[in-house]
Amino acid sequence: MSGADVTGMTAVGIADAVGSGMLSAKDVAQASLTQIEQRNPKINAFTNVTADAALADAQKIDGAVSAGTRLPLAGVPFAVKNLFDIEGVITRAGSKINRGNAPATADATLVQHLRRAGAILMGGLNMGEYAYDFTGENIHDGNCLNPHDPSRMSGGSSSGSGAAVASGMVPVSLGSDTNGSIRVPSSFCGLFGLKPTYGRLSRHGTYPFVGSLDHLGPMTRSAADLSLVFDVLQGADPNDPAQAARPALATHELIGQGADRLRIAIAGGYFREKAEPEALAAVDTVARALGASAEIDIPEAARARAAAYVITSAEGANLHFDRIATRPTDYDPDTRDRFLAGTMVPAVWVQQAQRFRSWFRDTMRKIFEEVDILLAPATPFSALPSGTKTITLDGVTMPARPNIGLFTQPVSFIGLPVVAVPVWLEGAALPIGVQVIAPAWREDLALRTAFELERAGICRAPVAA
């Protein structure tokens, strides 16, 4: 079948079609390249397109399928945030400085997992400089724009990861999430995004931001795709000392078990006080669909966000200290100034933040003895106009770039697994996301809940027109 149009197909659908011989991996890869050529100039999601390697991989996959090899992601195009190593490509991490580095000599571990499963790597994706961003704006590679409305932000820092999937150029992408960088673009671009438990997936072969907070995960247009990709991404890797020694968690075959027996509650207090009406309406829509009415106040959530901010500033600044001292003009001034501020964070603040982190983790563990899932906004609002510098929430005006993730930071602060699900409110021109938060190591519960919401028609992720 030549001239295939796979723009709206899911990863599950493509893998089934290629695995059964209804589609060839070569035709799928070519269709993805055509979409990239047509759509990328408008939204600027890709920074590197690895077309020749993609077509070569597709030919190998077609040969393997013909020989009877079963590949769970046969022929599925994917792309990765450009902080993932891609063999033969310079790992930019959204920066100017890194462009002077040598090309990567091997793929990142998670890229290897996907390629071994039959997925086809299409290239590297735009991102906020060194992942310190929630907007999708980048002065070196140009801003990544929202496929649903190019006058709006895509969200960041995994901006290209969100825009590439929402526009239909690829059905799967990988991003990173330190304080919300998968969940924010998932919310703004209308996708399903998974931030797994801290330590679940290997980070080997990726450019770090904050070692004690960095997570990696997938973004897709369906919950089933998300679970399938998550299952493939798992696996022990001795090259990442932060990866936990835990067995893989199979989620895809069990995703349809439903959420009717789960104890689900709404996160109250902090998570409702600073949200705009559309964010509250999205959470309430999801809660009604799941039959959830209980509301639980998360103690000291604002302090958790502040502590995450302190740790991010200090650890991130330490990583960049030498480069800021020698090449300050090669940074985006906004990024540079935030790193500079981090160099002045007193050590005692970091120590206190880490102590509080332990307390907050214990507190949340006790809450999850009473519930299985918590619902909270992913962002306080839907995608902002590009170039927005300030926002006003609960009567307080603040800078936009660091504060878009004020609902995501308290969650990643203690490494809990979250699925961001997309909601299109009646009459809304843009989607907005809801966080489905599960206890540590229970990604399966969050994925089951997301799948139930999608099956009920509450959450959907259409390709942008």
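Everything here concerns the structure above.
Residues numbered from 1 in each chain as written. Predicted model: local features only at pLDDT ≥ 70, side-chain atom pairs only at ≥ 80, totals over all residues. Heavy atoms only, no water.

1. Regarding the pattern of salt bridges
In this structure the tally under the stated criterion is 19 salt bridges. A salt bridge links D57 to R115, with the nearest nitrogen and oxygen atoms 2.7 Å apart. Taken together, the positions of D57 in helix α3 (residues 51-66) and R115 in helix α4 (residues 109-116) put the pair 58 residues apart, joining distant regions of the chain. Residue D57 is classed as buried on the basis of its relative accessible area of 11%. Taken together, the salt bridges that share partners define one network made up of D57, D107 and R115. (Salt bridge = Lys/Arg side-chain N within 4 Å of Asp/Glu carboxyl O. Helix = DSSP H or I, 4+ residues; strand = E, 2+ residues; numbered from the N terminus. Buried < 20%, exposed > 50% of the residue type's maximum accessible area, 1.4 Å probe, protein only.)

2. Side note on the sheet that holds strand β2 (residues 77-81)
Strand order in the open sheet made by the 11 strands is β1-β3-β2-β6-β8-β7-β14-β15-β11-β9-β10, with mixed pairing throughout. With partners counted over all chains shown, the strands left at the sheet margins are β1 (46-49) and β10 (295-297), one partner each. Pairwise comparison of adjacent strand axes, ignoring direction, gives a mean angle of 30° for this sheet. Lying over the sheet, helix α7 (residues 223-233) contacts β6 (172-177), β7 (192-195), β8 (215-220) and β14 (418-423), oriented at roughly 145° with respect to β8. (Pairing = 2+ DSSP bridges. Axes fitted to C-alpha atoms, helices over the stretch in contact; angles between N-to-C directions. Contact = heavy atoms within 4.5 Å.)

3. Considerations on the packing of aromatic side chains
In the structure shown here, the tally under the stated rule is 13 aromatic pairs. Note on F271 and F407: the rings are 5.9 Å apart at their centroids and 35° apart in plane angle, and the pair reads as tilted. Separated by 136 residues along the polypeptide, F271 in helix α8 (residues 270-273) and F407 in the loop between α13 (400-403) and α14 (409-412) bring together distant segments of the chain. Neither residue differs from the other here; F271 and F407 are each classed as buried. Between the aromatic rings of Y331 and F339, the centroid separation amounts to 6.3 Å while the plane-to-plane angle is 75°, which identifies the pairing as edge-to-face. Taking relative accessible area as the criterion, Y331 reaches 2% and is therefore assigned buried. (Phe/Tyr/Trp six-rings, centres within 6.5 Å; stacked < 30°, edge-to-face > 60°.)

4. So, the pairing of β6
Along β6, six of the six residues are buried, which leaves the element largely enclosed by surrounding structure. Of the two faces of β6, both are covered, the one formed by V172, L174 and S176 as well as the one formed by S173, G175 and D177. Sheet topology note: the β2/β6 ladder contains three bridges and is parallel. Residue pairing in the sheet places F78 in a bridge with V172 of β6. The sheet contact formed by β6 and β8 spans six bridges and is antiparallel. Bridging from a neighbouring strand, S173 pairs with M219 of β8.

5. Section: the layout of surface pockets
Taken as a whole, the largest pocket encloses approximately 260 Å³ of empty space. Residue lining of the largest pocket: 16 residues in total, with R361, R365, I414, L416 and A440 positioned closest to the centre. Top element by residues in the lining of the largest pocket is helix α12 (residues 347-367). It accounts for four residues. Each residue belonging to the lining of the largest pocket can be placed in one class, and the counts come to nine nonpolar, four polar and three charged. (1 Å grid on protein atoms, 1.4 Å probe; cavity = no way out; pocket = protein on both sides within 12 Å on 5 of 7 lines; lining within 4 Å. Points joined across faces, edges and corners; volume = space filled by probe spheres on them. Nonpolar A, V, L, I, M, F, W, Y, C, P; charged D, E, K, R; others polar.)

6. A few points about empty space enclosed by the protein
Applying the stated criterion across every chain yields a total of five cavities of 30 Å³ or more. Empty space within the largest cavity amounts to approximately 110 Å³. As for the largest cavity, its lining consists of 14 residues, and the residues nearest its centre are Y132, F134, N179, F209 and R338. The biggest single contributor to the lining of the largest cavity is helix α10 (residues 301-326), with three residues. The residue inventory of the lining of the largest cavity, partitioned by class, reads six nonpolar, six polar and two charged.

7. Section: the packing of α10 against α12
Describing two packed helices takes the angle between their axes plus the distance from one axis to the other. In contact at an axis separation of 9 Å, α10 and α12 are set at 135° when each is read in the N-to-C sense. When the axes of α10 and α12 are compared, the pair comes out oblique. Regarding α10 and α12, the two cross each other, and that crossing is left-handed. Between α10 and α12, the contacting residues are A301, R303, A304, A307, V310, I311, A314 and E315 on the first element and W349, V350, A353, Q354, F356, R357 and F360 on the second. Classifying every residue of the contact of α10 with α12 by side-chain character gives 11 nonpolar, one polar and three charged. (Parallel < 35°, antiparallel > 145°, perpendicular 65-115°, else oblique. Left-handed = near helix turned anticlockwise from the far one by under 90°.)

8. Side note on the side chain of D237
Counting through the fold element by element, D237 comes out in the loop between α7 and β9 (264-268). Put simply, D237 is tucked away with no salt bridge, and the nearest opposite charge, on R116, sits 8.3 Å away. A polar atom in the side chain of D237 sits 2.5 Å from the side chain of S202. When near neighbours in sequence (up to four residues on either side) are disregarded, D237 contacts T109, S202, H204 and Q243. (Lys, Arg positive; Asp, Glu negative; His and termini not counted. Polar contact = N/O pair within 3.5 Å; in protein donor to acceptor, adjacent residues only side chain to side chain.)

9. Looking at helix α1 (residues 11-20)
Every buried residue belonging to α1 is among A11, I14, A15, A17 and V18, and all of these are buried. Seen end-on, α1 carries its buried residues on one side only, within an arc spanning 165°. Packing partners of the buried residues in α1 comprise α2 (25-43), α3, β2, β6 and α7. Where α1 ends, the next residue or the one after it, G21, has phi of about 90°, a positive value. (Arc of directions from axis to C-beta.)

10. Digging into unusual backbone geometry
With an omega of 10°, the peptide bond running from G156 to S157 counts as cis. Structurally, S157 is set in the loop between β5 (149-153) and α5 (159-166). Phi is positive for A131, close to 70°, though the residue is something other than glycine. One can find A131 in the loop between β3 (120-125) and β4 (145-146). You will see that D394, though not glycine, has its phi angle at about 55°, which is positive.

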